Amino acid sequence: MVSLDGRLTIDSSPEVRNQLLAVLYGETLESLVIDLSDVPYVDLSGVATLLEALKLARGHNIDLRLKGLHDRPLYLLEVTGLLSLFGTCGVNLRSSEKAQ
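Residues numbered from 1 in each chain as written. Predicted model: local features only at pLDDT ≥ 70, side-chain atom pairs only at ≥ 80, totals over all residues. Heavy atoms only, no water.

Notes on the sheet that holds strand E1 (residues 2-5)
Read across the open sheet, the 4 strands follow the order E1-E2-E3-E4; overall the sheet is parallel. Each edge of the open sheet carries a strand with a single partner, namely E1 and strand E4 (87-89). Each strand axis lies, on average, 25° off the axis of its neighbour in the sheet, ignoring direction. Where strand E2 (residues 31-38) lies against strand E3 (residues 63-67), 5 bridges are found, and the strand directions are parallel. Looking at E3, one finds that Leu32 is bridged to Leu64. Relative to the sheet, helix H2 (residues 44-59) contacts E2 and E3, its axis offset from that of E3 by approximately 150°. (Pairing = 2+ DSSP bridges. Helix = DSSP H or I, 4+ residues; strand = E, 2+ residues; numbered from the N terminus. Axes fitted to C-alpha atoms, helices over the stretch in contact; angles between N-to-C directions. Contact = heavy atoms within 4.5 Å.)

Below you can see the structure in the form of structure tokens.
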């Protein structure tokens, strides 16, 4: 499991990218969970980083899942239609969806 914290933006995504690629290239994995519980904000650069990790994981037959998505990061992946590309676990639905 890789746990991220803070904002995943154009400023932080290069370092996150390097760390994710190191994990994906460095170890023989069957699965990788990226915990976003402590990530309050993701911009398009952060989304691109997650998509690159997903592409690499699929190329190496690694099951990549996102955990702890909530609030704005969850909303961004939902409205762009990208959430369905990722396996998820522990996704916190927005309060409007919980009420339905």
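Following the structure, the description resumes.
Observations regarding the confidence of the model for the chain
Per-residue pLDDT for the chain has a mean of 88; in total, 89% of the residues score no lower than 70. Across residues 92-100, where pLDDT falls below 50, the model places 9 contacts with residues more than four positions away in sequence or in other chains. (pLDDT = per-residue confidence, 0-100.)

Observations concerning the nonpolar core
In this structure, Leu4, Leu32, Ile34, Leu36, Leu64, Leu66 and Leu77 are the most contacted members of the largest nonpolar core, which totals 29 residues. Looking at which element gives the most residues to this core, the answer is H2, with 6 residues. Filtering out sequence-adjacent residues up to four positions away, Leu77 remains in contact with Val47, Leu66, Leu69, Leu82, Leu83 and Phe86. (Core = buried A, V, L, I, M, F, W, Y, C linked by side-chain atoms within 4.5 Å. Buried < 20%, exposed > 50% of the residue type's maximum accessible area, 1.4 Å probe, protein only.)

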